[in-house]
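Each chain, letter by letter, is given below.
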Amino acid sequence: RWLSKSVMKNFLFIFFLAGFSVYAQPAFQVIPLGIKGGVDESNLSAYALTAIGTQDYICLDAGTLHAGIRTAIKNKVWKGNATAFLRKHIKGYLISHPHYDHVNGLVINSPDDSAKYIYGIESCLSVLKEKHFSWKSWANFGNEGEAPTLNKYTYQTLTPGKEVPLHNTSLFVTPFVLSHVNPTESTAFLVRSGENYLLYLGDTGCDRIEKSDKLNQLWKAITPLIQTKKLKAIFMEVSFASEQPDNLLFGHLTPALLMEELEALEKICGVGQLKNLNVVITHMKPQGNREETIRKQLIDGNTLHVNLIFPRQGKGLTF
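Rules used throughout
- Residues numbered from 1 in each chain as written.
- Predicted model: local features only at pLDDT ≥ 70, side-chain atom pairs only at ≥ 80, totals over all residues.
- Heavy atoms only, no water.
- Salt bridge = Lys/Arg side-chain N within 4 Å of Asp/Glu carboxyl O.
- Buried < 20%, exposed > 50% of the residue type's maximum accessible area, 1.4 Å probe, protein only.
- pLDDT = per-residue confidence, 0-100.
- Contact = heavy atoms within 4.5 Å.
- Axes fitted to C-alpha atoms, helices over the stretch in contact; angles between N-to-C directions.
- Helix = DSSP H or I, 4+ residues; strand = E, 2+ residues; numbered from the N terminus.
- Parallel < 35°, antiparallel > 145°, perpendicular 65-115°, else oblique.
- Nonpolar A, V, L, I, M, F, W, Y, C, P; charged D, E, K, R; others polar.
- Phe/Tyr/Trp six-rings, centres within 6.5 Å; stacked < 30°, edge-to-face > 60°.
- Lys NZ or Arg CZ within 6 Å of the ring centre and 35° of its normal.
- Patch = residues over 30% accessible without salt bridge, like charges linked within 9 Å, V, L, I, M, F, W, Y side chains within 5 Å.
- Areas by Shrake-Rupley, 256 points an atom, 1.4 Å probe, with all protein chains shown as cover.
- Core = buried A, V, L, I, M, F, W, Y, C linked by side-chain atoms within 4.5 Å.
- Pairing = 2+ DSSP bridges.

**Re the pattern of salt bridges**
No. 1: According to the stated counting rule, one finds eight salt bridges in the structure shown.
No. 2: The partner of Asp-113 in a salt bridge is Lys-116, and the shortest N-O contact between them spans 2.7 Å.
No. 3: A relative accessible area of 2% places Asp-113 in the buried class.
No. 4: The exposure class assigned to Lys-116 is buried, which follows from its relative accessible area of 5%.

Next comes the structure, spelled out in structure tokens:
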């Protein structure tokens, strides 16, 4: 027999809610271990990322590790001992570029770390092998470089535009080259979990000032993911306030330049496609009231109505 109209309406309503809840389920958890771009060595760029439902984290850059894990434990995001957590749950490192504020935690914690992979494009890994993990400056914990190699870390060179799995996690990554004071290279990492994506950009200048098309190429690549709502968040740096002169940017963004690039992205995606897109602001360089100024300029200039997020060290984010 046919269901009554009232029963059918209730059934359809419940079915709609169930479908909506599945669609709205978060795909990623991110714990910021460090959020800043300088001065405070206990709070430098590093974001622990995992697929929801697992504790197999990959670290997006590694400026600060131990101090950030301790802060997350203090905030009851995680439990236990910081070193034990680092050894057991951080499964590898995606390093955008080899500047110290993005690798300091990796180097300093290497004697107590466990065996894992370090991922990066060739120009990044070559500096780690030749400079940071060399016996002239530190013990060589890598599997390549100056002898003897201690073989704790295994380097995996990433090919721009090619997706690869991240060992001991359910995640995949596709790298894209960025310009960080042209011709110096940085990297954006497009991380996938199932059909969901998260984009993390290392340090980058805007295309116009860098005389580059690297961001334009990245925007074209991610446009289908934005249009289909599969891209859950973009992590993007804003190091200086908008008053910073172009010749003193050193390959970084300001609020005005971030919005310039997001407007370029919207032109490719279509008008209104960026509304409510999660944009996480990273790498503010502390000095005086600069961080407060950056926040205000971003909020005041947010004509695209993206969802601006200002992360806090040791406080979890879900997307």
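**Describing the confidence of the model for the chain**
No. 1: Scored by pLDDT, the chain comes out at a mean of 94, with 92% of its residues at no less than 70.
No. 2: Residue range residues 11-23 is modelled with pLDDT below 50. Its contacts to residues more than four positions away, or to other chains, number one contact.

**So, the packing of helix H2 (residues 66-74) against helix H3 (residues 82-89)**
Packed helix pairs are specified by the crossing angle of their axes together with the interaxial distance, meaning the distance between the axes.
No. 1: It is the contact of H2 with H3, at a shortest axis distance of 9 Å, that shows an interaxial angle of 105°. As summarised for this structure, H2 and H3 are arranged roughly perpendicular, according to the angle between their axes. On H3, the residues touching His-66, Ile-69, Arg-70 and Ile-73 of H2 are Ala-82, Thr-83, Phe-85 and Leu-86.
No. 2: For the contact of H2 with H3, the per-class residue count stands at five nonpolar, two polar and one charged.

**Some thoughts on the packing of aromatic side chains**
No. 1: Tallying each qualifying case throughout the model produces eleven aromatic pairs.
No. 2: Centre to centre, the rings of Phe-133 and Phe-141 are 6.4 Å apart; their planes meet at 85°, and the pair counts as edge-to-face.
No. 3: The class for Phe-133 is buried, based on a relative accessible area of 0%.
No. 4: By way of ring pairs, the aromatic residues Tyr-47, Tyr-200, Phe-235 and Phe-319 are connected into one cluster.
No. 5: The ring centre of Tyr-155 lies 5.3 Å from the NZ or CZ of Lys-129, which sits over that ring.

**Digging into a nonpolar patch on the surface**
No. 1: On the surface, Val-181, Leu-248 and Phe-250 cluster together to form a nonpolar patch covering roughly 270 Å² of accessible area.
No. 2: Mapped onto the elements of the fold, Val-181 is located in the loop between strand E8 (172-179) and strand E9 (185-193).

**With respect to the nonpolar core**
Most often, soluble globular proteins have nonpolar side chains that are buried together.
No. 1: In terms of nonpolar packing, the biggest core is built from 38 residues, with Leu-199, Leu-201, Leu-218 and Ile-222 touching the most fellow members.
No. 2: Ranked by size, the runner-up nonpolar core spans 32 residues in total, among them Phe-85, Ile-118, Tyr-153 and Val-177.

**Notes on the pairing of strand E2 (residues 46-51)**
No. 1: Taking burial as the measure, the six residues of E2 include six buried ones, the bulk of the element.
No. 2: Alternating residues of E2 divide into Ala-46, Ala-48 and Thr-50 and Tyr-47, Leu-49 and Ala-51, and every residue in both groups is buried.
No. 3: Here six bridges tie strand E1 (residues 28-34) to E2, and the two strands are oriented antiparallel to one another. Bridging across to E2, Ile-31 finds its partner in Ala-48.
No. 4: In terms of strand pairing, E2 meets strand E3 (residues 57-60) through three bridges, oriented antiparallel. Across the sheet, Ala-48 pairs through a bridge with Cys-59, a residue of E3.
No. 5: The turn linking E2 back onto E3 is made up of five residues, and Gly-53 within it adopts a positive phi angle of 95°.

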